[in-house]
Amino acid sequence: MIKLIHVVNQFFAGLGGEEKAGLPVGVIEGSAGAARGLAQKLGDEAVITSTIYFGDNYFHEHKEEALKKILDAVRAAEPAVLIAGPAFNSGRYGLACVEICQAAANALAIPCLTAMQEENPGVGAYREFVNARAYCLPTTEATTGMNDALTRLAHFALRLARGEDIGAAADEGYFNRGIRRIERTDRTGAQRAVEMLLKKINQEPFETEIPMEVWDDAPPAPPLAELKNRNLAIVTTSGVVPWGNPDKFKTYRNTYWRKYNIAELKELESGKWEAVHGGYNVAYMNQNPHYGVPLDALRALEAEGRIGPGKLYPAYYVIPGNQGSPTVMRRIGQEIAADLKKDNVEGVLFVAT
Amino acid sequence: MKLELAEFPVKNIRLGHRFEYQDEILDVDEGALLALVGEDPRIADAALDVAVPGERTRITGIRDIVEPRYKVSGSGQVFPGVLGPVENVGDGRTHRLSGMTVIAAAEYEGTIRAGTTVQRSAILDMSGPGAEVSRFSTSRHLVVSFKIAAGLGELDAHAAIQLAECKVARRIAQATAELTPPKISAYDLSEKNPALPNVMLVQGCITDPQHVHSGVGYYGLSLRNSLSTFVHPNEVFDGAVTVDTTRSGRGYYPTTWDWQNHPLILELYAAHGKSLNFGGVILQRIRFETSHGKEVGAQNAASLARAMGADGVLITWIGGGNAFVDVMFTVRACEHNGIRTTLVTYEHGGREGKDSPVLFYIAEADAIVSTGSLDKMIELPAMDKVIGPYEQIKILPFPGAASVAARGVLSLESRDVMIGGADLWGETRFRCAEF
């Protein structure tokens with residue numbers, strides 16, 4: 001027999017409405033309130049071993065504590081799947097369901113399932129979490145759709161419990177989480193391409209297979225009025241590293257950065273440095289690594305007094321930037337910026353290739 | 001210009017002492033082929049092998065794959081400018097051996113340590129999870145393995161590999177020269193139906209002008225600072241567009257076979273006269289070094305498409321990284337010129353598919369076909385047999401990378417080590433969907 005846990009708010013546990021929204025987390029043996037309806041839909045294959053409830057306000061006002069108590073109760077019950085909701089259009093409830101799914105999926109590595117209306121703010125949180133173990137099904141706005149929602153929750157929960165493969169969001173009817181996986185379709189890419197183009201030319205509806213993303217803008221910091229008394233550093237995505245590639249950078253899609261000491265150097269000598277990068281012809285860089293790390297020019301500026309003595313950071317920062325994954329590169333940018341900040345660097349010469 | 005492609009299916013390849021095609025069995029004269037390859041002093045230790053789908057075989061050192069073809073009528077000969085004089089091709093009749101390929105598997109270390117010019121070679125599994133991914137695992141292969149003479153630079157090495165594979169491919173297809181083909185497909189664009197929209201293919205090609213070979217050969221000449229150029233698709237079928245064989249051994253670059261069997265060209269031909277008029281191919285250089293260059297390259301491709309009366313274009317590309325900016329600019333330039341676009345591309349998305357699928361976005365790219373992701377891990381089991389020059393292989397070509405036993409279990413973090421590991425132009429049914 002498959003064991004399931006159902007998590008609901010105080011209202012759906014049958015304990016009261018808004019006046020009971022401050023109720024702390026509690027556990028009821030077996031199914032209670034709305035969970036009874038879910039239990040009926042599960043048939044003989046699965047049982048709801050306990051119903052966990054929480055007051056809507058209590059959850060959001062004591063989130064850490066509430067999540068801990070819920071996780072403890074779930075851990076003790078060892079369910080195959082956690083079901084939370086359905087939350088319909090209730091924002092507080094929907095957000096709580098999604099956060100509980102997120103926490104349980106991560107802490108206990110079990111599949112978690114919830115359901116709510118598409119406009120519920122919980123759906124936005126669910127999409128931000130991008131959790132491969134958490135699923136959210138759509139419901140109606142009002143609880144009139146309860147029977148249908150419980151039927152679909154029960155069906156989906158049983159499939160998760162059996163370990164069945166769950167297909168793409170559009171085919172399976174859950175809200176997509178923005179996780180892109182390879183699947184096999186019934187037609188080749190070339191066939192789909194010609195069909196899509198003809199629909200577009202003929203002004204018929206079509207659906208793109210890669211939706212556009214909107215990226216954050218990073219507003220540049222204001223320019224430095226003068227350089228002389230500023231702490232400066234070199235950051236480069238050119239992939240120039242000591243000859244022999246001691247940190248084993250790949251030529252593309254790297255996931256870490258390094259800094260290499262240049263404190264005692266006047267220049268980068270050809271043959272002692274090399275570019276590890278798959279995105280450009282590195283022959284010229286290997287002949288003259290200053291294209292990536294212009295130490296010669298900066299030392300000349302020091303000699304002229306335009307950069308103050310000791311103001312050039314003693315190491316340069318590097319990652320081969322080729323085909324960098326946007327989320328990885330964002331993290332790397334943040335890590336390098338934090339490291340620069342820690343050492344009070346005020347200006348950076350950023351050398352791209 | 002009308003080209004008849006006469007298809008001779010091959011279900012078995014036998015190494016022996018004569019060239020003959022009969023009952024879908026191809027006999028090849030091993031000694032004669034080895035002598036043909038050995039004419040080139042740049043090549044040593046040549047050997048032939050046959051790889052069969054379903055076998056526990058791994059092929060190493062793959063530089064390129066070619067479909068055997070031989071022209072029996074019409075001007076020129078297959079692979080013009082590579083094998084013979086620069087003569088216009090694309091009409092008459094060309095024989096092709098289908099269901100089989102010639103694989104050039106060469107040992108070559110190269111003189112360049114990293115960067116876009118570094119030599120690459122790929123592997124192919126004939127069974128198991130690697131075979132499920134690659135479009136090449138279902139064909140039989142005549143594998144020509146050899147060593148490139150020591151000290152040879154990249155361009156000479158490429159020329160030697162390409163000459164060897166093309167000579168072998170043409171020679172074995174020649175076995176059908178006097179035979180009546182079981183099946184003929186005719187390719188002709190001269191008739192257009194004015195009621196149908198005109199559609200072209202814009203084929204973006206990453207070409208690096210500073211490299212010894214830019215990556216795309218046109219009648220054997222490496223395309224460098226070219227602006228967009230019109231190519232009749234029949235010329236492509238006859239091998240007028242080729243690759244840099246020292247760099248095509250990776251899953252997201254096309255092989256010569258992919259050009260000869262370009263799936264978007266074939267699909268547009270299939271729709272020609274039925275739902276659209278196919279207007280031909282625009283070869284576009286992409287990966288200009290500057291934003292200005294990218295804008296001009298994009299505008300130039302759109303201008304050519306407009307001048308040729310295109311109502312819509314399929315846009316696809318070869319390459320990675322910032323070349324995709326050129327591709328997206330081309331989408332925008334076409335749309336701004338009133339030409340509707342659909343883009344066909346592989347995607348990234350990271351190991352778990354949570355990262356951005358592509359590296360650059362513009363609002364006009366509202367119709368994209370996904371051909372799958374390059375970033376998915378794949379575990380390859382050990383194989384019983386290794387064909388090709390390498391017993392030890394480097395999974396990634398960075399300086400200092402460790403080599404591993406080619407025969408053993410391989411854990412690949414991206415699919416580009418396998419030839420055919422990524423679908424470039426919509427040949428297969430793979431795509432990425434949102435989960």
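Cut-off values and rules
Residues numbered from 1 in each chain as written. Chains lettered and ligands numbered in written order. Predicted model: local features only at pLDDT ≥ 70, side-chain atom pairs only at ≥ 80, totals over all residues. Heavy atoms only, no water. Buried < 20%, exposed > 50% of the residue type's maximum accessible area, 1.4 Å probe, protein only. Helix = DSSP H or I, 4+ residues; strand = E, 2+ residues; numbered from the N terminus. Arc of directions from axis to C-beta. Contact = heavy atoms within 4.5 Å. Polar contact = N/O pair within 3.5 Å; in protein donor to acceptor, adjacent residues only side chain to side chain. Salt bridge = Lys/Arg side-chain N within 4 Å of Asp/Glu carboxyl O. Pairing = 2+ DSSP bridges. Axes fitted to C-alpha atoms, helices over the stretch in contact; angles between N-to-C directions.

## Details of helix α1 (residues 30-38) of chain B
Residues and elements named next belong to chain B.
- Of all the residues in α1, the buried ones are Leu33, Leu36 and Val37. Mapping the buried residues of α1 onto a view down its axis gives an arc of 95°, with all of them on the same face.
- Structurally, α1 contributes buried residues whose contacts are with β4 (25-29), β5 (43-51), β11 (140-148) and α3 (154-173).
- In this structure Asp29 caps α1, since a side-chain oxygen of it lies 3.2 Å from the backbone nitrogen of Gly31.

## A short note on the pattern of salt bridges
- Enumeration according to the criterion identifies 54 salt bridges over all chains in this entry.
- Its salt-bridge partner being Glu209 of chain A, residue Arg192 of chain A comes within 2.7 Å of it at the nearest N-O pair. Of this pair, Arg192 of chain A sits in helix α8 (residues 189-201) while Glu209 of chain A sits in the loop between α8 and β8 (232-236), and the two are 17 residues apart along the sequence.
- The shortest N-O distance in the salt bridge between Glu295 of chain B and Arg332 of chain B comes to 3.5 Å.

## Some words on the sheet that holds strand β15 (residues 221-222) of chain B
- Strand order in the open sheet formed by 3 strands is β15-β14-β17 (chain B), with antiparallel pairing between adjacent strands. What marks the edges here is a single partner per strand, and that holds for β15 and β17 (241-243) of chain B.

## Notes on the side chain of Ser214 of chain B
Residue and element names in this part refer to chain B.
- Following the sequence through the fold, Ser214 ends up in the loop between β13 (198-206) and β14 (216-218).
- Of the residues examined, Ser214 reaches a relative accessible area of 0% and is grouped as buried.
- For Ser214, the side chain forms a polar contact with the main-chain oxygen of Leu223, separated by 2.4 Å.
- Residues contacting Ser214, with those up to four places away along its chain left out, are Ile206, Thr207, Asp208, Ser222, Leu223, Arg224 and Arg247.

## Looking at the sheet that holds strand β10 (residues 258-261) of chain A
All names here are of chain A.
- Taken in spatial order, the 4 strands make up an open sheet running β10-β12-β8-β13, and their pairing is mixed. Each edge of the open sheet is held by one strand with a lone partner, namely β10 and β13 (347-351). Neighbour-to-neighbour, the strand axes of the sheet open up by a mean angle of 25°, direction not taken into account.
- The sheet contact formed by β10 and strand β12 (residues 315-318) spans 4 bridges and is antiparallel. Among the inter-strand pairings, Asn261 is bridged to a residue of β12, identified as Ala315.

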